[in-house]
Amino acid sequence: MFNLVWLVPILPLVAFGAIALGLWRNERLSTWANWVGIGVAWLISLSIFFATWGQPHLATEPYRQLVLRIPAGREALELGFMVDPLTGIMLFMVPTLCGLIFVYSKGYMAGDKRYSRYFAYVSLFATGMLGLVVSDNLLFLYMFWEIMGLCSYLLIAFWFERESAYKAGLKAFLTTRVGDAMLFLGLLMLYSRTGTLTFSEIFTHETLEHLAASAVSVPLVGTIPATTLIAMLVFGSAVGKSGQFP
């Protein structure tokens, strides 16, 4: 069952493509494309969630599925998806909540002239959320993170005819860009110090010891461990994404 994990973010993406390419003005088909995409993704996710039970070895040896290999000098970045106990829990929560949102959206958006466009946006948003959950590395996580940021802006400013809506969308866009910049800087620093962005390689005792022993000079602050600065940048990105700062 774990080998189907790649379908979890892909199915909502297919629904987005189907709606965007040909079903913009057909509410019924847009609705069903949206529901089928998240529904099948939910069933696969639920199966993976139950399959992680009684598998304690996944905590230290997660299932990895290689998707892409990018040459990077002497090394190569291996990008893919993973399943561990935490992923299993999130695969129960996120698709379930997405499914509920999609079902209730039918009544909420009924009669709106951009009904199908809304369902395309939320399908793409689900792709970002689910892709973030199953990513096995920080580069994939960043890519899906950016998809979520785009969709946040598109949905907040959805009724752009209203001044309050487009101003709120602009505010959200600028705020989340602060978080995105912090995450990007954190990833660059992490890769420069470790040569990897894969979770299973980062969270080894040797890598963490190396980061703790590696010092960074920060203006006005002084010298601090690289782990401290990287952690602050990554944490700051989450604070920015959730609209808490600035």
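Everything quoted here is computed from the prediction, not taken from an experiment.

Chemist: Before we go on, may I ask you to explain the pairing of strand 3 (residues 215-218) in this structure?
Modeler: Along any regular strand, the residues point their side chains to alternate faces of the sheet. Residues Val216 and Val218 point to one face of strand 3 and are all buried, whereas Ala215 and Ser217, pointing to the other face, are not buried. With four bridges joining them, strand 3 and strand 4 (residues 222-225) adopt antiparallel strand pairing. Paired with Ser217 across the strands is Thr223, a residue of strand 4. Following strand 3, the chain reverses through three residues before pairing antiparallel with strand 4; Leu220 in that reversal takes a positive phi of roughly 70 degrees.

Chemist: In this structure, what is going on with the state of the cysteines? I would like to understand it.
Modeler: Chemically, a disulfide is nothing more than a covalent bond linking the sulfur atoms of two cysteines. Applying the stated criterion across every chain, the model contains zero disulfides. Free of any disulfide, Cys98 has its nearest cysteine sulfur in Cys151, 11 Å distant.

Chemist: What is the right way to read a nonpolar patch on the surface from this model?
Modeler: Residues Leu150, Tyr153, Leu170, Phe173 and Leu174 make up a contiguous nonpolar surface patch of about 440 Å² in total accessible area. Every element with two or more residues in the nonpolar patch is listed here: helix 5 (138-156) and helix 6 (163-194). The leading source of residues in the nonpolar patch is helix 6, at three residues. In this fold, Leu150 is placed in helix 5. Under the relative-accessibility criterion, Leu150 is labelled partly exposed at 42%.

Chemist: Whenever I open this one, the environment of Ala165 confuses me. Can you help?
Modeler: Residue position: Ala165 is located in helix 6. Accessibility expressed as a relative area gives 11% for Ala165, which makes it buried. Counting along the chain gives 79 residues from Ala165 to Gln244, while the straight-line C-alpha distance between them is 19 Å. For Ala165, the residues in contact, after removing those within four places along its chain, are Ile156, Ala157 and Trp159.

Chemist: Can you help me understand the pattern of salt bridges in this one?
Modeler: Any two side chains of opposite charge can pair, given that their charged atoms come close. Tallying each qualifying case throughout the model produces eight salt bridges. The shortest N-O distance in the salt bridge between Glu161 and Arg114 comes to 2.8 Å. Of the two residues, Glu161 is situated in the loop between helix 5 and helix 6 and Arg114 in the loop between helix 3 (85-108) and helix 4 (115-134); the sequence distance between them amounts to 47 residues. The partly exposed category is assigned to Glu161, whose relative accessible area is 44%. Given a relative accessible area of 10%, Arg114 falls into the buried group. Two residues, Glu163 and Lys167, come together in a salt bridge whose shortest N-O distance is 2.7 Å. Pair noted here: Glu163 and Lys167 are both in helix 6, with a separation of four residues, about one helical turn. On the basis of relative accessibility, which here comes to 45%, the residue Glu163 falls in the partly exposed class. Residues joined in a network through salt bridges with shared partners are Glu146, Arg177, Asp180 and Lys241.

Chemist: What should I look at first to understand the packing of helix 1 (residues 7-22) against helix 2 (residues 27-51) in this one?
Modeler: To describe two helices that pack against each other, one gives the angle between their axes and the distance between the axes. Two elements in contact, helix 1 and helix 2, have axes separated by 8 Å at closest approach and are oriented at 175 degrees. Classified by the angle their axes make, helix 1 and helix 2 are roughly antiparallel. Residues Leu7, Val8, Leu11, Pro12, Ala15 and Ile19 of helix 1 form the contact with helix 2, whose participating residues are Ser30, Ala33, Asn34, Gly37, Ile38, Val40, Ala41, Ile44, Ser45 and Ile48. Tallied by class, the residues present in the contact of helix 1 with helix 2 amount to 12 nonpolar, four polar and no charged.

Chemist: Explain unusual backbone geometry to me, please; I cannot follow it from the model alone.
Modeler: Glycine aside, the phi torsion of most residues is negative, and most peptide linkages are trans. Of note, Leu220 is a non-glycine position whose phi angle comes to about 70 degrees, a positive value. Residue placement: Leu220 occurs in the loop between strand 3 and strand 4. For Leu220, a relative accessible area of 94% translates into the label exposed.

Cut-offs applied
- Residues numbered from 1 in each chain as written.
- Predicted model: local features only at pLDDT ≥ 70, side-chain atom pairs only at ≥ 80, totals over all residues.
- Heavy atoms only, no water.
- Buried < 20%, exposed > 50% of the residue type's maximum accessible area, 1.4 Å probe, protein only.
- Helix = DSSP H or I, 4+ residues; strand = E, 2+ residues; numbered from the N terminus.
- Pairing = 2+ DSSP bridges.
- Disulfide = S-S within 2.5 Å.
- Patch = residues over 30% accessible without salt bridge, like charges linked within 9 Å, V, L, I, M, F, W, Y side chains within 5 Å.
- Areas by Shrake-Rupley, 256 points an atom, 1.4 Å probe, with all protein chains shown as cover.
- Salt bridge = Lys/Arg side-chain N within 4 Å of Asp/Glu carboxyl O.
- Contact = heavy atoms within 4.5 Å.
- Axes fitted to C-alpha atoms, helices over the stretch in contact; angles between N-to-C directions.
- Parallel < 35°, antiparallel > 145°, perpendicular 65-115°, else oblique.
- Nonpolar A, V, L, I, M, F, W, Y, C, P; charged D, E, K, R; others polar.

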